[in-house]
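Given next are the chains, with one letter for each unit.
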Amino acid sequence: MQEHDPLTERIIGCAFKVANTLGHGFLEKVYENALAHELRKAGLEVIQQHGLEVHYDGALVGEFQVDLLVEGRVLVELKAVAGILDAHMAQSLNYLKASGKPVCLLLNFGPSLQVRRLVHGG
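1. With respect to the overall build of the chain
Next, step 1: Broken down by element type, the chain carries three helices and five strands.
Next, step 2: Put simply, the chain runs from its N terminus to its C terminus through helices and strands in the order α-α-β-β-β-α-β-β.
Next, step 3: For the chain, the C-alpha radius of gyration of 14 Å lies close to 14 Å, the compact-globule estimate for 122 residues.
Next, step 4: Dimensions of the chain, computed from the C-alpha atoms along their principal axes, are close to 45 × 30 × 25 Å.
Next, step 5: Of the contacts made within the chain by residues no fewer than 6 positions apart, 54% connect residues no fewer than 24 positions apart.
Next, step 6: Looking at the chain as shown, the accessible area adds up to about 6,500 Å², and 52% of this sits on carbon and sulfur atoms.

2. Quick look at the environment of Q91
Next, step 1: By the element assignment, Q91 lies in helix α3 (residues 86–99).
Next, step 2: Since its relative accessible area comes to 23%, Q91 is described here as partly exposed.
Next, step 3: Sequence separation between Q91 and P6 is 85 residues; the distance between their C-alpha atoms is 24 Å.
Next, step 4: Reaching out from Q91, the side chain makes a polar contact with the side chain of K79 at a distance of 2.8 Å.

3. Comments concerning the nonpolar core
Next, step 1: If you look at the biggest cluster of nonpolar residues, it comprises 23 residues, and the most contacted ones within it are L35, L39, V70, V76, L107 and F109.
Next, step 2: Listing elements by their share of this core, those giving two or more residues are α1 (6–22), α2 (28–41), β2 (59–70), β3 (74–79) and β4 (103–109).
Next, step 3: Once residues within four sequence positions are removed from consideration, V70 is found in contact with L7, I11, L39, L44, E45 and V76.
Next, step 4: In this structure, F64, L69, Y95 and L96 belong to the second largest nonpolar core, which totals nine residues.

4. Some details on the pairing of strand β5 (residues 113–119)
Strand residues, when the strand is regular, have side chains that alternate between the two faces of the sheet.
Next, step 1: As paired strands, β4 and β5 are joined by seven bridges and run antiparallel to one another. Looking at β5, one finds that L105 is bridged to R117.
Next, step 2: Linking two consecutive strands that pair antiparallel, namely β4 and β5, is a turn of three residues.

5. What to know about the side chain of E32
Next, step 1: Structurally, E32 can be placed in helix α2.
Next, step 2: Given a relative accessible area of 1%, E32 falls into the buried group.

What counts and how
Sequence order as written defines residue numbering, which begins from 1 separately in each chain. Per-residue local features of the predicted model are confined to residues with pLDDT of at least 70, and side-chain atom pairs are confined, for both listing and counting, to 80 or more; whole-chain, interface and lining totals are unaffected and use all residues. Water and hydrogen atoms were dropped before computing side-chain values, which therefore reflect all heavy atoms in the structure. The helix count covers DSSP runs of H or I at least four residues long, the strand count covers runs of E at least two residues long, and both are numbered beginning at the N terminus. Atoms counted for the radius of gyration: C-alpha only. Globule rule: 2.2 Å times the number of residues to the power 0.38. In what follows, a contact means two residues having at least one pair of non-hydrogen atoms within 4.5 Å. We get accessible surface area from the Shrake-Rupley algorithm with a probe of 1.4 Å; when it comes to residues, only the shown protein chains can shield them. Note on classification: 1.4 Å probe, protein chains only; a residue is buried when its accessible area is under 20% of the maximum for its type, exposed when over 50%, partly exposed between these limits. N or O atoms closer than or at 3.5 Å make up a polar contact, with two conditions inside protein: a donor-capable atom paired with an acceptor-capable one, and, for residues adjacent in sequence, both atoms drawn from side chains. What is meant by a nonpolar core is a set of buried Ala, Val, Leu, Ile, Met, Phe, Trp, Tyr and Cys residues, joined one to another through side-chain atoms within 4.5 Å. One bridge is not enough; two strands pair if DSSP finds at least two bridges between them.

Here you go:
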């Protein structure tokens, strides 16, 4: 997947629409629901709280949920904090590694929308 893939650009555009409409100060779940709604309005397939498993040496060692899976290939992890931390980046990179998906968008609906596009293996 190219770094500036049209799908990720569409997702980011929807995120800016949500951020500009709602502003900041809501809980993460509000932004998740609003973004899922906006993405569906744009004709995209969205799964909220998509389950992912972590395997080690053939054993299931962990399970977690990514906030959104769009079109079966882009993970979207949302935050509603003052700023993106290294721990948020590490979490998103781990989601990429565990899922085998090509890209994860880390979106922070803090005081202003922050976007990080993480590419598998990059």
